[in-house]
Amino acid sequence: MVYTPTYIALFPLTAYCGEAYCGINRLTYMPDDTDPASKRQALQASGTFNRRADRVRHPLFQKSEFFDPQDLLQVKYESLRAVQKDQCSLARAASEFGLSRPTLYQAQAHFKTQGVEGLLPGKRGPRGAHKLTPRVRQFLAELGAAEPELNARQLAARVRQRFKLKVHPRTLEKALQPKAKRGRQKLP
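Residues numbered from 1 in each chain as written. Predicted model: local features only at pLDDT ≥ 70, side-chain atom pairs only at ≥ 80, totals over all residues. Heavy atoms only, no water.

## Quick word on the overall build of the chain
Along the backbone of the chain there are 7 helices and 4 strands. Helices (α) and strands (β) of the chain occur, in sequence order from the N terminus, as β-β-β-β-α-α-α-α-α-α-α. Split into buried and exposed, the 188 residues of the chain put 35% on the buried side. In the chain, once contacts between residues fewer than 6 apart in sequence are set aside, the share between residues at least 24 apart is 48%. A total accessible area of about 13,000 Å² is found for the chain, and carbon and sulfur atoms account for 52% of it. (Helix = DSSP H or I, 4+ residues; strand = E, 2+ residues; numbered from the N terminus. Buried < 20%, exposed > 50% of the residue type's maximum accessible area, 1.4 Å probe, protein only. Contact = heavy atoms within 4.5 Å. Areas by Shrake-Rupley, 256 points an atom, 1.4 Å probe, with all protein chains shown as cover.)

Here you go:
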């Protein structure tokens, strides 16, 4: 079992907030063999596989064992380094590194606030029960107080009838249960 760094910051890169980021490692499990397919699988599993690797034209990524155009984290970092340290225009960096300008602007903002970790892909999809607006939640609270015997399926039907909004019963179950504390708890 070999752990190969997905990226090691070789060049110090000062974020726009004035802090220097250097030497931050993210370890990705890589099988012992050097099969490109296994590296691709490891990058996909960590969410850092660059599906547009064929668009990367920067000289650093041409015929190099270290610079891998399939490693999205490395491509983003090097594009930001080129913009900041080499005074490369953002449009040119986007073109050479196979990224869109909005992607680079977003990477700059995330790097500024979170450092190298900000370049990692975030969780996709909705961030919560977006259909359960405060008005719907108030209705559910009133309904729960008036008729506590209603189950989630019946509540979903009432929400659909009142607000013309289709909500899955499991969404309602999760929203109405008190949040469980996460992590270790102190014993009394």
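## Side note on a positive patch on the surface
Residues R51, R52, R55 and R124 make up a contiguous surface patch of positive charge. The residue R51 is located in the loop between α1 (36–46) and α2 (72–85) in this model. (Patch = residues over 30% accessible without salt bridge, like charges linked within 9 Å, V, L, I, M, F, W, Y side chains within 5 Å. Salt bridge = Lys/Arg side-chain N within 4 Å of Asp/Glu carboxyl O. Lys, Arg positive; Asp, Glu negative; His and termini not counted. Charge placed at Lys NZ, Arg CZ, Asp CG, Glu CD.)

## A closer look at helix α4 (residues 101–114)
Because each turn of an α-helix spans 3.6 residues, side chains separated by three or four positions end up pointing in the same direction. The end-to-end C-alpha distance of α4, which contains 14 residues, comes to 20 Å, matching closely the 20 Å that a straight helix rising 1.5 Å per residue would cover. Of the residues making up α4, those classed as buried are L104, A107, Q108 and F111. Relative to the axis of α4, the buried residues are bounded by an arc of 105° and lie together on one face. Seen from the open side of α4, the exposed residues pointing more than 90 degrees away from its buried face are P102 and T113. Downstream of α4 by a residue or two, G115 has a phi angle that is positive, lying close to 75°. (Expected span 1.5 Å × (residues − 1). Arc of directions from axis to C-beta.)

## So, the nonpolar core
If you look at the biggest cluster of nonpolar residues, it comprises 21 residues, and the most contacted ones within it are F97, L104 and L119. Elements represented by at least two residues in this core include exactly α2, α3 (90–96) and α4. In terms of residue count, α2 provides more of this core than any other element does, 7 residues in total. Look past the residues within four positions of L119 in its chain and what remains in contact with it is L73, K76, Y77, L80, A107 and F111. Formed by 12 residues, the second largest nonpolar core is a distinct cluster that contains V136, L150, A156 and L172. (Core = buried A, V, L, I, M, F, W, Y, C linked by side-chain atoms within 4.5 Å.)

## Points about unusual backbone geometry
One non-glycine residue, K63, lies in positive phi territory at about 55°. Look at Q87: it is not a glycine, yet its phi comes out positive at around 55°. Tracing the backbone through its elements, the reader meets Q87 in the loop between α2 and α3. Accessibility expressed as a relative area gives 62% for Q87, which makes it exposed.

## Let's talk about the pattern of salt bridges
Inspection of every chain in the model, using the stated rule, returns 6 salt bridges. Here E78 ties to R81 by a salt bridge, and the two come within 2.8 Å at their closest N and O atoms. Of this pair, E78 and R81 both sit in helix α2, 3 residues apart, roughly one helical turn. Where D86 meets R81, a salt bridge forms, and the shortest distance between an N and an O atom there is 3.3 Å. You can call R81 buried: its relative accessible area is 10%. A single salt-bridge network, built from bridges that share partners, covers E78, R81 and D86.

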